[in-house]
Amino acid sequence: MKRKRKGMDRLIAFFIAGTMVLIILAILMGSYFFGFIGFLKVMGVKYDSYWAICLFLFFIFVFGSITELFSKALIFLMKNARMNRVLFTTSAAFVDIFFTFLSVYIADLLASGITVSILAMALLSVLFFCMESALDSEFRREKKADEVFHQQRINKKSVSYQASTLFKEPYSIFF
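Bear in mind the structure is a predicted one, so any value in this text is a computation, not a measurement. (Residues numbered from 1 in each chain as written. Predicted model: local features only at pLDDT ≥ 70, side-chain atom pairs only at ≥ 80, totals over all residues. Heavy atoms only, no water.)

**Considerations on the overall build of the protein chain**
Next, step 1: Of regular secondary structure, the protein chain possesses 4 helices and 2 strands.
Next, step 2: Going from N to C terminus, the protein chain has its helices and strands arranged as α-β-α-α-β-α.
Next, step 3: The 175 residues of the protein chain split such that 21% are buried.
Next, step 4: Counting contacts in the protein chain only where the partners sit at least 6 residues apart, residues at least 24 apart contribute 67% of the total.
Next, step 5: Surface exposure of the protein chain reaches about 13,800 Å², of which carbon and sulfur atoms provide 72%. (Helix = DSSP H or I, 4+ residues; strand = E, 2+ residues; numbered from the N terminus. Buried < 20%, exposed > 50% of the residue type's maximum accessible area, 1.4 Å probe, protein only. Contact = heavy atoms within 4.5 Å. Areas by Shrake-Rupley, 256 points an atom, 1.4 Å probe, with all protein chains shown as cover.)

**Here's the deal with the environment of Phe59**
Next, step 1: Here Phe59 lies in helix 2 (residues 50-80).
Next, step 2: Each C-alpha atom, one on Phe59 and one on Ala107, is 5.0 Å from the other, the two residues being 48 residues apart in sequence.
Next, step 3: In contact with Phe59, other than residues within four places in its own chain, are Gly64, Ala107, Leu110 and Ala111.

**Some points on the confidence of the model for the protein chain**
Next, step 1: Across the protein chain, the average pLDDT comes to 78, with 75% of residues at 70 or higher.
Next, step 2: Element-level mean pLDDT values for the protein chain span from 66 in helix 4 (residues 118-168) up to 90 in helix 3 (residues 85-110).
Next, step 3: Low pLDDT, under 50, characterises residues 165-175; the predicted model gives this stretch 1 contact beyond four residues in sequence or across chains. (pLDDT = per-residue confidence, 0-100.)

**Description of the layout of surface pockets**
Next, step 1: Within this model, the second largest pocket holds a volume of roughly 340 Å³.
Next, step 2: Contributing to the lining of the second largest pocket are 15 residues, with Phe61, Glu68, Phe128, Met131 and Glu132 lying nearest its centre.
Next, step 3: Elements represented by at least two residues in the lining of the second largest pocket include exactly helix 2, helix 3 and helix 4.
Next, step 4: Here the lining of the second largest pocket is composed, by residue class, of 8 nonpolar, 5 polar and 2 charged. (1 Å grid on protein atoms, 1.4 Å probe; cavity = no way out; pocket = protein on both sides within 12 Å on 5 of 7 lines; lining within 4 Å. Points joined across faces, edges and corners; volume = space filled by probe spheres on them. Nonpolar A, V, L, I, M, F, W, Y, C, P; charged D, E, K, R; others polar.)

**Brief notes about the nonpolar core**
Next, step 1: Core analysis: the biggest nonpolar cluster contains 20 residues, and Phe36, Ile53, Phe56, Ile60, Ile114 and Leu124 have the highest contact counts within it.
Next, step 2: Of all elements in the fold, only helix 1 (2-42), helix 2, helix 3 and helix 4 reach the threshold of two or more residues within this core.
Next, step 3: In contact with Leu124, not counting residues within four places along its chain, are Phe36, Phe39, Phe56, Ile60 and Val104.
Next, step 4: Residues Ile75, Ala92, Val95 and Phe99 belong to the second largest nonpolar core, which totals 5 residues. (Core = buried A, V, L, I, M, F, W, Y, C linked by side-chain atoms within 4.5 Å.)

**A word on the packing of aromatic side chains**
Next, step 1: Scanning all chains against the criterion turns up 5 aromatic pairs.
Next, step 2: Seen from their ring centres, Phe59 and Phe63 are 6.1 Å apart, and the 40° between their planes marks the pair as tilted. Within this pair, Phe59 and its partner Phe63 are both found in helix 2, separated by 4 residues, close to a single helical turn.
Next, step 3: What makes Phe59 buried here is its relative accessible area of 18%.
Next, step 4: Here Phe98 and Phe99 contribute two aromatic rings whose centre-to-centre distance is 5.4 Å and whose plane-to-plane angle is 75°, an arrangement assigned as edge-to-face. (Phe/Tyr/Trp six-rings, centres within 6.5 Å; stacked < 30°, edge-to-face > 60°.)

Structure below.
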(Lines give C-alpha, C1' and ligand atoms only; values in the text may rest on other atoms or scores of the structure.)
Protein backbone atom coordinates (compact mmCIF):
# COMPACT_ATOMS: atom_id res chain seq x y z
CA MET A 1 0.00 0.00 0.00
CA LYS A 2 2.85 2.36 0.81
CA ARG A 3 4.41 1.72 -2.57
CA LYS A 4 1.31 2.96 -4.40
CA ARG A 5 1.19 6.02 -2.18
CA LYS A 6 4.81 6.89 -2.95
CA GLY A 7 4.19 6.60 -6.70
CA MET A 8 1.07 8.73 -6.41
CA ASP A 9 3.01 11.41 -4.51
CA ARG A 10 5.60 11.53 -7.29
CA LEU A 11 2.87 11.82 -9.90
CA ILE A 12 1.23 14.70 -8.05
CA ALA A 13 4.59 16.47 -7.61
CA PHE A 14 5.37 16.02 -11.31
CA PHE A 15 1.94 17.37 -12.26
CA ILE A 16 2.32 20.43 -10.01
CA ALA A 17 5.84 21.16 -11.29
CA GLY A 18 4.72 20.77 -14.91
CA THR A 19 1.76 23.06 -14.35
CA MET A 20 4.00 25.70 -12.80
CA VAL A 21 6.41 25.53 -15.73
CA LEU A 22 3.53 25.87 -18.20
CA ILE A 23 2.12 28.87 -16.33
CA ILE A 24 5.51 30.59 -16.29
CA LEU A 25 6.00 29.93 -20.02
CA ALA A 26 2.50 31.23 -20.76
CA ILE A 27 3.21 34.43 -18.82
CA LEU A 28 6.54 34.97 -20.59
CA MET A 29 5.16 34.28 -24.06
CA GLY A 30 2.05 36.36 -23.37
CA SER A 31 4.07 39.33 -22.19
CA TYR A 32 6.32 39.05 -25.23
CA PHE A 33 3.35 38.76 -27.58
CA PHE A 34 1.37 41.63 -26.07
CA GLY A 35 4.49 43.76 -25.79
CA PHE A 36 5.09 43.19 -29.47
CA ILE A 37 1.46 44.14 -30.22
CA GLY A 38 1.96 47.32 -28.20
CA PHE A 39 5.07 48.18 -30.21
CA LEU A 40 3.19 47.58 -33.46
CA LYS A 41 0.30 49.79 -32.31
CA VAL A 42 2.69 52.60 -31.38
CA MET A 43 4.38 52.33 -34.79
CA GLY A 44 1.03 52.43 -36.61
CA VAL A 45 1.25 48.96 -38.11
CA LYS A 46 -2.01 47.68 -39.55
CA TYR A 47 -3.01 44.05 -39.02
CA ASP A 48 -6.16 42.06 -39.65
CA SER A 49 -6.04 39.59 -36.77
CA TYR A 50 -3.88 38.27 -34.00
CA TRP A 51 -3.15 35.21 -36.13
CA ALA A 52 -1.52 37.49 -38.70
CA ILE A 53 0.78 38.79 -35.95
CA CYS A 54 1.52 35.23 -34.81
CA LEU A 55 2.40 34.28 -38.39
CA PHE A 56 4.54 37.40 -38.71
CA LEU A 57 6.43 36.55 -35.50
CA PHE A 58 6.86 32.96 -36.62
CA PHE A 59 8.35 34.11 -39.93
CA ILE A 60 10.64 36.55 -38.12
CA PHE A 61 12.00 33.76 -35.93
CA VAL A 62 12.40 31.31 -38.81
CA PHE A 63 14.12 33.72 -41.17
CA GLY A 64 15.93 35.37 -38.27
CA SER A 65 17.56 32.10 -37.33
CA ILE A 66 18.64 31.55 -40.93
CA THR A 67 19.99 35.08 -41.44
CA GLU A 68 21.64 34.92 -38.01
CA LEU A 69 23.94 32.20 -39.33
CA PHE A 70 25.09 34.45 -42.16
CA SER A 71 25.43 37.40 -39.80
CA LYS A 72 27.57 35.47 -37.32
CA ALA A 73 29.71 34.05 -40.13
CA LEU A 74 30.34 37.52 -41.54
CA ILE A 75 31.15 38.91 -38.09
CA PHE A 76 33.52 35.99 -37.50
CA LEU A 77 35.29 36.81 -40.76
CA MET A 78 35.48 40.47 -39.75
CA LYS A 79 37.16 39.47 -36.47
CA ASN A 80 40.10 38.12 -38.43
CA ALA A 81 40.46 41.38 -40.37
CA ARG A 82 42.77 43.93 -38.85
CA MET A 83 40.31 46.58 -37.66
CA ASN A 84 40.40 48.79 -34.65
CA ARG A 85 37.85 48.09 -31.92
CA VAL A 86 35.46 50.96 -32.73
CA LEU A 87 35.31 50.12 -36.43
CA PHE A 88 34.75 46.44 -35.70
CA THR A 89 31.97 47.13 -33.19
CA THR A 90 30.23 49.54 -35.55
CA SER A 91 30.56 47.18 -38.50
CA ALA A 92 29.31 44.21 -36.50
CA ALA A 93 26.30 46.22 -35.29
CA PHE A 94 25.53 47.31 -38.86
CA VAL A 95 25.77 43.74 -40.17
CA ASP A 96 23.56 42.40 -37.39
CA ILE A 97 20.93 45.12 -37.85
CA PHE A 98 20.99 44.63 -41.64
CA PHE A 99 20.37 40.90 -41.43
CA THR A 100 17.66 41.41 -38.81
CA PHE A 101 16.03 43.98 -41.10
CA LEU A 102 16.23 41.48 -43.94
CA SER A 103 14.44 38.81 -41.90
CA VAL A 104 11.73 41.30 -40.82
CA TYR A 105 11.29 42.44 -44.43
CA ILE A 106 10.93 38.87 -45.71
CA ALA A 107 8.47 38.10 -42.90
CA ASP A 108 6.45 41.18 -43.90
CA LEU A 109 6.35 40.03 -47.51
CA LEU A 110 5.22 36.52 -46.63
CA ALA A 111 2.72 37.30 -43.86
CA SER A 112 -0.61 38.33 -45.29
CA GLY A 113 -2.88 40.49 -43.20
CA ILE A 114 -0.16 42.74 -41.81
CA THR A 115 1.51 45.79 -43.32
CA VAL A 116 4.65 47.17 -41.70
CA SER A 117 6.25 50.45 -42.74
CA ILE A 118 9.95 50.72 -43.49
CA LEU A 119 10.43 52.91 -40.42
CA ALA A 120 8.75 50.31 -38.19
CA MET A 121 10.94 47.58 -39.72
CA ALA A 122 14.08 49.62 -39.09
CA LEU A 123 13.09 50.39 -35.50
CA LEU A 124 12.12 46.77 -34.92
CA SER A 125 15.50 45.66 -36.24
CA VAL A 126 17.32 48.09 -33.96
CA LEU A 127 15.17 46.97 -31.02
CA PHE A 128 15.96 43.29 -31.70
CA PHE A 129 19.66 44.17 -31.99
CA CYS A 130 19.60 46.04 -28.67
CA MET A 131 17.82 43.18 -26.92
CA GLU A 132 20.23 40.63 -28.36
CA SER A 133 23.25 42.75 -27.43
CA ALA A 134 22.01 43.24 -23.88
CA LEU A 135 21.43 39.53 -23.40
CA ASP A 136 24.66 38.58 -25.15
CA SER A 137 26.78 41.04 -23.17
CA GLU A 138 25.24 39.78 -19.92
CA PHE A 139 26.20 36.24 -20.94
CA ARG A 140 29.71 37.38 -21.83
CA ARG A 141 30.11 39.19 -18.51
CA GLU A 142 28.95 36.10 -16.63
CA LYS A 143 31.21 33.84 -18.68
CA LYS A 144 34.15 36.21 -18.24
CA ALA A 145 33.59 36.36 -14.48
CA ASP A 146 33.57 32.55 -14.39
CA GLU A 147 36.82 32.46 -16.39
CA VAL A 148 38.48 34.98 -14.06
CA PHE A 149 37.35 33.01 -11.01
CA HIS A 150 38.61 29.77 -12.55
CA GLN A 151 41.94 31.37 -13.47
CA GLN A 152 42.36 32.75 -9.95
CA ARG A 153 41.60 29.31 -8.55
CA ILE A 154 44.22 27.73 -10.82
CA ASN A 155 46.77 30.37 -9.86
CA LYS A 156 46.12 29.78 -6.15
CA LYS A 157 46.53 26.04 -6.63
CA SER A 158 49.78 26.45 -8.54
CA VAL A 159 51.16 28.90 -5.99
CA SER A 160 50.19 26.62 -3.11
CA TYR A 161 51.69 23.66 -4.98
CA GLN A 162 54.92 25.56 -5.54
CA ALA A 163 55.03 26.61 -1.89
CA SER A 164 54.32 23.10 -0.65
CA THR A 165 57.05 21.57 -2.82
CA LEU A 166 59.44 24.28 -1.73
CA PHE A 167 58.84 23.54 1.92
CA LYS A 168 58.97 19.79 1.46
CA GLU A 169 62.29 19.88 -0.35
CA PRO A 170 63.98 23.11 0.68
CA TYR A 171 67.28 22.43 -1.07
CA SER A 172 65.87 21.20 -4.34
CA ILE A 173 65.91 24.66 -5.88
CA PHE A 174 69.67 24.85 -5.58
CA PHE A 175 70.49 21.49 -7.18
